[in-house]
Amino acid sequence: MATHFYRASTLDGFIATLDHSLEWLFAHDFDLEGPMAYPAFIEGVGALVMGASTYEWLLRNEQTWGYTQPTWVLTHRELPVPEGADVRFAQGKVQDLHEAITASAGERDVWVVGGGDLAGQFAEAGLLDEFWVQFAPVMLGEGRPLLPRRLDLELIDTVRNRDFVCARYRVRPTAERPEAA
Ligand SMILES: NC(=O)c1ccc[n+]([C@@H]2O[C@H](COP(=O)([O-])OP(=O)(O)OC[C@H]3O[C@@H](n4cnc5c(N)ncnc54)[C@H](OP(=O)(O)O)[C@@H]3O)[C@@H](O)[C@H]2O)c1
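In what follows, the accompanying structure is described. Values in this document were obtained by computation on a predicted structure and should not be read as measured data.

Section: the side chain of Ser104
Alright, step 1. Its place among the elements puts Ser104 in helix H4 (residues 94-104).
Alright, step 2. A residue is classified by how much of its surface remains accessible, and Ser104, at 18% relative accessible area, is buried.
Alright, step 3. In this view, Ser104 contacts Gly46, Ala47, Pro70, Trp72 and Arg88; residues no more than four positions away in its chain are not counted.

Some details on the site of the ligand
Alright, step 1. Around the ligand sit 22 residues, and of these Arg7, His20, Thr54, Thr75 and His76 come closest.
Alright, step 2. At a separation of 2.8 Å, a nitrogen atom of the ligand approaches a polar backbone atom of Ile15.
Alright, step 3. Here Gly115 contributes a backbone N or O atom positioned 2.7 Å from an oxygen atom of the ligand.
Alright, step 4. Compared with its free state, where it exposes 930 Å², the ligand has 84% of that area covered by protein.
Alright, step 5. Sorting the residues of the shell around the ligand by element identifies strand E1 (3-10), strand E2 (14-16) and helix H3 (52-61) as the ones contributing at least two each.
Alright, step 6. A total of 4 residues in the shell around the ligand trace back to one element, the largest contributor, which is H3.
Alright, step 7. The residue makeup of the shell around the ligand, split by class, is 8 nonpolar, 11 polar and 3 charged.

Criteria and thresholds
- Residues numbered from 1 in each chain as written.
- Predicted model: local features only at pLDDT ≥ 70, side-chain atom pairs only at ≥ 80, totals over all residues.
- Heavy atoms only, no water.
- Helix = DSSP H or I, 4+ residues; strand = E, 2+ residues; numbered from the N terminus.
- Buried < 20%, exposed > 50% of the residue type's maximum accessible area, 1.4 Å probe, protein only.
- Contact = heavy atoms within 4.5 Å.
- Near = heavy atom within 4 Å.
- Polar contact = N/O pair within 3.5 Å; in protein donor to acceptor, adjacent residues only side chain to side chain.
- Areas by Shrake-Rupley, 256 points an atom, 1.4 Å probe, with all protein chains shown as cover.
- Nonpolar A, V, L, I, M, F, W, Y, C, P; charged D, E, K, R; others polar.

Given below as structure tokens:
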């Protein structure tokens, strides 16, 4: 049971345009049956956690709610819930919420869906185990950042999936970082 960030990114480190568009992502070819693809990843996921912008993007763009797992949405606002969805709103420090989130995942993993700052909150609290990124062959120059914080990683695996370079990293605990020695 672990906590992972799994996300597509531009080569220059953005997960969405400033106005939350993912058009750049869907313009590129990715094999859903291929390596490091989403269907295999989601099978191991018992709970999702996401920020309000990512949740609102899903509400705007998905025809039907795609998750059977509990989905924790961090927000300070009141947001709608699709019919039949197990959406749990929360706010505050991720270290105070992590126990309830992992308990809701049962024996499976927690997926930190995004955005980047939320993944950074988990990483900074020492609660992120792995970081999976699919890099699209595109630069945006500006946008919503992949992870706008200092984070040291150990490369575990890389693979090509059609247009994407996919990388999987282990998050190095603070104690392993050079400046912490
Ligand atoms: N590249 C991909 O594969 C991919 C896939 C899906 C979506 N996306 C996009 O990525 C973008 C991410 O947006 P974003 O960078 O704005 O990040 P986000 O994490 O989705 O949303 C940020 C918001 O979440 C709330 N929040 C975060 N941490 C919180 C906490 N600890 N307690 C309470 N509320 C908290 C705050 O909302 P409030 O205070 O306003 O409530 C904050 O403004 C979106 O455009 C999304 O559509 C990318």
